[in-house]
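# Secondary and tertiary structure notes
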Amino acid sequence: MRPVDRALITHGHSDHARAGHGTVLATAETLRIMATRYGPDFAGSSEVAELGKPVRIGETTATFHPAGHVLGSAQIAVEAGGMRVVASGDYKRAADPTCAGFEPIRADVFITEATFGLPVFRHPPASDEIGRLLASTVQFPERAHLVGAYALGKAQRVIRLIRDAGYDKPIYLHGSLDALCRLYQSEGIDLGDLRPATVNAGTTDFAGAIILGPPSAFGERWARRFPDPVFAFASGWMRIRQRAKQQGVELPLVISDHADWDELCQTIRDTGAGEVWVTHGREEALVHWCQANGIAARPLHLVGYEDEVEE
Ligand SMILES: [Zn+2]
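Six octahedral donors around a metal ideally sit at 90 or 180 degrees from one another, while four tetrahedral donors ideally sit at 109.5 degrees. Protein coordination at the zinc ion comes from His11 (NE2), His13 (ND1), His69 (NE2) and Asp90 (OD), with a distance range of 2.1 to 2.3 Å. Because the angles between the 4 donor atoms bound to the zinc ion fall within 90 to 161°, the donor set is best described as irregular. Motif for the zinc ion, donor spacing along one chain: H-x1-H-x55-H-x20-D. Taken as a pair, His13 in the loop between strand E1 (6-8) and strand E2 (21-26) and Asp90 in the loop between strand E7 (83-87) and strand E8 (109-114) lie far apart in primary sequence, 77 residues in all.

Laid out in structure tokens, this is it:
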């Protein structure tokens, strides 16, 4: 949260990657994402962490392993004196065509996220949710379909899932999603025909079209220019119907880049950790689950961390 001399960064979301550190060690993709978001001078210097390759830092080694969360996302294993601590960063176990899949790493201490750390959170298959979106475009061909998706990771995953479902028409983007979509495409992730979602009288008719924008753009004038829009929102939080309703979301899509309850529990077992620290979300339920299963656990409260919405 604060600038430090030497930062090891799991992934490019703003609640994990801040500008202003001395030296940053992160995957090549995360470094590119940080440069895209914060400019080329986001740190004093940077060093690429290759997946699976230990980097010596004083008396310790740090090794990055894929976390399956967004492009470039990694867990970081730190080893010293025969003890291995693995910091998960954010992660998920479900397949994601836009990033390398999560690898369980043996750990003595596992630091896990807990964004969706309650048993009520069980994410459905993302392809089913995309199927509901595409069915709606068929059912309401006269209406624009506005899909809220966070700029890093979610937007690109949603687009790729739409393509995998066989939809090859242009997909329109709010300007704030453009740079990161281009970055993903330059990393070899084919997102198909993407076009700016600019409404110029007479040039494009958005009836039946799919338009992606950041959730914050829904309340803006930008959103009201489209014909009778269907508001959709791709987020794990859409599991909570009340939340969707409050946000005026007509078509909630339960698509998350975070582990759900079952994945969190499975992952803790897979690491074989004797001790678990729980952070970034709903700590209590997961701490309780660990203790009930004979695993020492405690919440890790981070100084300066604001409980941000899911990115
Ligand atoms: Zn994240």
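Having put the structure on the table, let's press on.
Along the chain, Ala77 turns up in strand E6 (residues 74-80). Each C-alpha atom of the pair Ala77 and Pro54 lies 8.9 Å from the other, and the pair is 23 residues apart in sequence. Residues contacting Ala77, with those up to four places away along its chain left out, are Thr61, Ala62, Thr63, His65, Arg84, Val85 and Val86.

Spatially, E4-E5-E6-E7-E8-E15-E16 is the arrangement adopted by the 7 strands of the open sheet, whose pairing is mixed. Only two strands of the sheet have a single neighbouring strand rather than two, namely strand E4 (55-57) and strand E16 (296-299). Pairs of neighbouring strands in the sheet enclose a mean axial angle of 25°, with direction left out of account. Sheet contacts for helix H7 (residues 261-271): E8 and strand E15 (275-281); angle to E8, the most-contacted strand, approximately 170°. Of the strands in this sheet, E8, E15 and E16 touch helix H8 (residues 283-292), which is tilted by about 165° from E15.

Pairs can form between side chains of opposite charge once their charged atoms are near each other. By the definition in use, this model includes 16 salt bridges. For Asp257, the salt bridge goes to Lys92, with nearest N and O atoms at 3.0 Å. Taken together, the residues span a long stretch of sequence, with Asp257 in the loop between strand E14 (251-253) and H7 and Lys92 in the loop between E7 and E8 at a distance of 165 residues. If you follow the salt bridges from partner to partner, you end up with Lys92, Asp96, Arg157 and Asp257 in one network.

What follows is about H7. Those residues of H7 not exposed but buried are Trp261, Glu263, Leu264, Cys265, Thr267, Ile268 and Thr271. If you follow the buried residues of H7, they end up packed against E8, E15 and H8. One or two residues past the end of H7 sits Gly272, with phi positive at roughly 70°.

On to the sheet that holds strand E10 (residues 171-173), then. Paired through their backbone hydrogen bonds, the strands of a sheet run either parallel or antiparallel. Spatially, 6 strands are ordered E11-E10-E12-E9-E13-E14 in an open sheet, and the strand pairing comes out parallel. Of all the strands in the sheet, just strand E11 (194-196) and E14 have a single pairing partner and so form its edges. This sheet shows a mean twist of 30° between the axes of neighbouring strands, independent of strand direction. Helix H2 (residues 126-139) rests against strand E9 (145-148), strand E12 (210-213), strand E13 (230-234) and E14 of the sheet, and its axis sits at about 155° to E14.

Criteria and thresholds
- Starting from 1, residues in each chain are numbered consecutively following that chain's sequence as written.
- At least 70 in pLDDT is required for a residue's local features to be given in this predicted model, at least 80 for side-chain atom pairs to be given and counted, and no such filter applies to totals for whole chains, interfaces and linings, which use all residues.
- The side-chain quantities take in all heavy atoms of the structure and omit both hydrogens and water.
- Metal donors were taken as nitrogen, oxygen and sulfur atoms no farther than 2.8 Å from the ion, or 3.2 Å where the ion is Na, K or Ca. Water is excluded, so coordination may look unfinished.
- Irregular is the default label, applied whenever a site is not tetrahedral (four donors, all angles between 85 and 135 degrees) and neither square planar nor octahedral (four or six donors, opposite donors over 155 degrees apart, all other angles between 65 and 115).
- Only DSSP runs of H or I with at least four residues qualify as helices, and only runs of E with at least two residues qualify as strands; both kinds are numbered from the N terminus onward.
- Note on contacts: a residue pair is in contact if any heavy atoms of the two residues lie within 4.5 Å.
- In this scheme, strands are said to pair when DSSP sees at least two bridges between them.
- Geometry is summarised by axes, namely lines fitted to C-alpha atoms with helices restricted to the contacting stretch, and by angles between N-to-C directions that run from 0 to 180 degrees.
- Each salt bridge in this description consists of a side-chain nitrogen of Lys or Arg and a carboxyl oxygen of Asp or Glu lying within 4 Å of one another.
- Whether a residue is buried, partly exposed or exposed follows from its accessible area with a 1.4 Å probe, protein chains only, as a fraction of its type maximum: under 20%, in between, or over 50%, in that order.

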